[in-house]
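A structural walkthrough
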Amino acid sequence: MMFANSATFVGNILRIKSVKKEDRGTYYCVADNGVSKGDRRNVNLEVEFAPVITVPRPRLGQALQYDMDLECHIEAYPPPAIVWLKEDIQLSNNQHYSISHFATADEYSDSTLRVITIEKRQYGDYVCKAVNKLGHAEAKVNLFETSIPVCPPACGQAYFDGAENPAGTLLATIGFLAAILYIR
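For the structure given in this document, a descriptive report is provided here. (Residues numbered from 1 in each chain as written. Predicted model: local features only at pLDDT ≥ 70, side-chain atom pairs only at ≥ 80, totals over all residues. Heavy atoms only, no water.)

**Remarks on unusual backbone geometry**
Let me state the cut-off plainly: Strands here mean DSSP runs of E at least two residues long; helices mean DSSP runs of H or I at least four residues long; both are numbered from the N terminus.
Cis geometry is adopted by the peptide bond preceding Pro-78, which originates at Tyr-77 and carries an omega value of 5 degrees. With respect to the helices and strands, the residue Pro-78 is situated in the loop between strand 5 (68-77) and strand 6 (81-86). Despite not being glycine, Glu-87 shows a phi value in the positive range, around 55 degrees. Summarising the element assignment, Glu-87 is placed in the loop between strand 6 and strand 7 (89-90).

Listed below in structure tokens is the structure:
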């Protein structure tokens with residue numbers, strides 16, 4: 001039986017020339033002499049490599065006084081230390097920023113920097129940096145000012161957890177504005 005991304009090799013030694021991160025995974029060694037049931041052993045190959053960062057949205061716009069999430073995706077093994085910088089100053093969780101990291105697998109991590117209630121001085125370039133024993137990588141995200149808030153995250157959780165009906169709120173607002181115009 002063949003699986004996706006699998007190959008069969010006959011012999012008692014498997015040599016992988018120029019090991020790459022894509023070679024990591026579980027290899028199965030099966031011994032069968034045709035007389036008995038045979039035996040199987042699993043060998044897990046871990047490949048260590050320096051971080052590689054991708055940024056899904058390198059430029060993001062948001063209006064003043066609203067929140068915005070900046071994201072970077074990191075692939076590295078062993079898992080890296082991840083930091084966010086602005087103007088070469090390391091950011092930390094406080095009233096202006098909220099940083100979260102989520103490991104999706106041994107070699108994959110997602111990091112999000114939430115810029116909270118944006119002020120003018122918070123616009124500019126942010127750097128997501130990842131470091132492990134094999135090296136480092138960094139990627140830039142530019143936050144710029146817009147006049148219209150971008151949802152999410154500007155709309156808040158109320159629009160997503162069912163606590164508020166955004167369509168009903170919109171209709172009520174339109175109705176209120178129409179009433180004001182009609183009275184004039």
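**Thoughts on the environment of Gln-65**
We apply this condition: Contact definition: two residues touch when any of their heavy atoms are within 4.5 Å.
Topologically, Gln-65 is positioned in the loop between strand 4 (59-62) and strand 5. Sequence-wise, Gln-65 and Ile-118 are 53 residues apart; in three dimensions their C-alpha atoms are separated by 4.7 Å. Not counting the four nearest positions on each side in its chain, Gln-65 is found in contact with Thr-117 and Ile-118.

**Quick word on the sheet that holds strand 3 (residues 49-54)**
Put simply, the test is: Here the rule is simple: two strands pair whenever DSSP picks up at least two bridges between them. Axis angles are defined between N-to-C directions and span 0 to 180 degrees, where every axis is a line fitted to C-alpha atoms and, for a helix, only to the segment in contact.
If you trace the 4 strands from one edge of the open sheet to the other, you get 3-5-9-8, paired in antiparallel fashion. Single-partner strands in this sheet number two, and they are strand 3 and strand 8 (97-105). Put simply, the sheet's adjacent strands are angled 20 degrees from each other on average, direction ignored. In this structure, strand 5 lies alongside strand 9 (residues 108-115), joined through 8 bridges in antiparallel fashion. Among the inter-strand pairings, Cys-72 is bridged to a residue of strand 9, identified as Ser-111.

**Re the pattern of salt bridges**
Selection criterion: The term salt bridge refers to a pairing of a side-chain nitrogen on Lys or Arg with a carboxyl oxygen on Asp or Glu at a separation within 4 Å. Burial classes follow relative accessibility: with a 1.4 Å probe on protein chains only, a residue under 20% of its type's maximum area counts as buried, one over 50% as exposed, and anything between as partly exposed.
Scanning the entire structure with this criterion turns up 12 salt bridges. One salt bridge in this structure joins Glu-71 and Arg-57, with 3.5 Å as the shortest N-O distance. With Glu-71 in strand 5 and Arg-57 in the loop between strand 3 and strand 4, the pair connects residues that are 14 residues apart, well separated along the chain. Given the relative accessible area of 26%, Glu-71 is considered partly exposed. Linking Glu-87 and Lys-86 is a salt bridge whose minimum nitrogen-to-oxygen distance equals 3.3 Å.

**Section: the sheet that holds strand 11 (residues 135-145)**
Strand order in the open sheet formed by 5 strands is 4-11-10-6-7, and the pairing between neighbours is mixed. Across the chains shown, the open sheet's two edge strands, defined by having one partner strand only, are strand 4 and strand 7. When strand 6 meets strand 7, the two strands line up antiparallel, connected through 2 bridges. Note that in strand 7 the partner of Leu-85 across the bridge is Gln-90.

**A short note on the packing of aromatic side chains**
Going by this rule: Centre distance within 6.5 Å is the pairing criterion for rings of Phe, Tyr and Trp, where only the six-membered ring of Trp is used; planes under 30 degrees apart are then read as stacked, over 60 as edge-to-face, and the remainder as tilted. Charge over a ring is defined by NZ of Lys or CZ of Arg lying within 6 Å of the ring centre and within 35 degrees of the ring normal.
Evaluated as defined, the whole model comprises 1 aromatic pair. Arranged with centres 6.1 Å apart and planes meeting at 65 degrees, the rings of Tyr-97 and Tyr-126 form a pair that is edge-to-face. With Tyr-97 in strand 8 and Tyr-126 in strand 10 (residues 124-132), the pair connects residues that are 29 residues apart, well separated along the chain. Exposure class is identical for Tyr-97 and Tyr-126. Each is buried. Geometry around Tyr-126 places Lys-86 over its ring, the cationic atom sitting 5.4 Å from the centre.

**Looking at the nonpolar core**
Where we set the bar: For this analysis, a nonpolar core means a set of buried residues of the types Ala, Val, Leu, Ile, Met, Phe, Trp, Tyr and Cys, connected via side-chain atoms within 4.5 Å.
Leu-70, Trp-84, Leu-113, Tyr-126 and Leu-143 are the most contacted members of the largest nonpolar core, which totals 23 residues. Of all the elements in the fold, those that place two or more residues in this core are strand 5, strand 6, strand 8, strand 9, strand 10 and strand 11. A per-element tally of this core places strand 5 first, with 5 residues. Apart from residues lying up to four places away in sequence, Leu-113 is in contact with Met-68, Asp-69, Leu-70, Trp-84, Leu-91, Tyr-97, Ser-98, Ile-99 and Tyr-126.

**Things to note about the pairing of strand 6**
The sheet contact formed by strand 6 and strand 10 spans 6 bridges and is antiparallel. Residue pairing for strand 10: Val-83 is matched across the bridge by Lys-129. Connecting strand 6 to the next strand, strand 7, in antiparallel fashion are 2 residues, including Glu-87 with a positive phi near 55 degrees.

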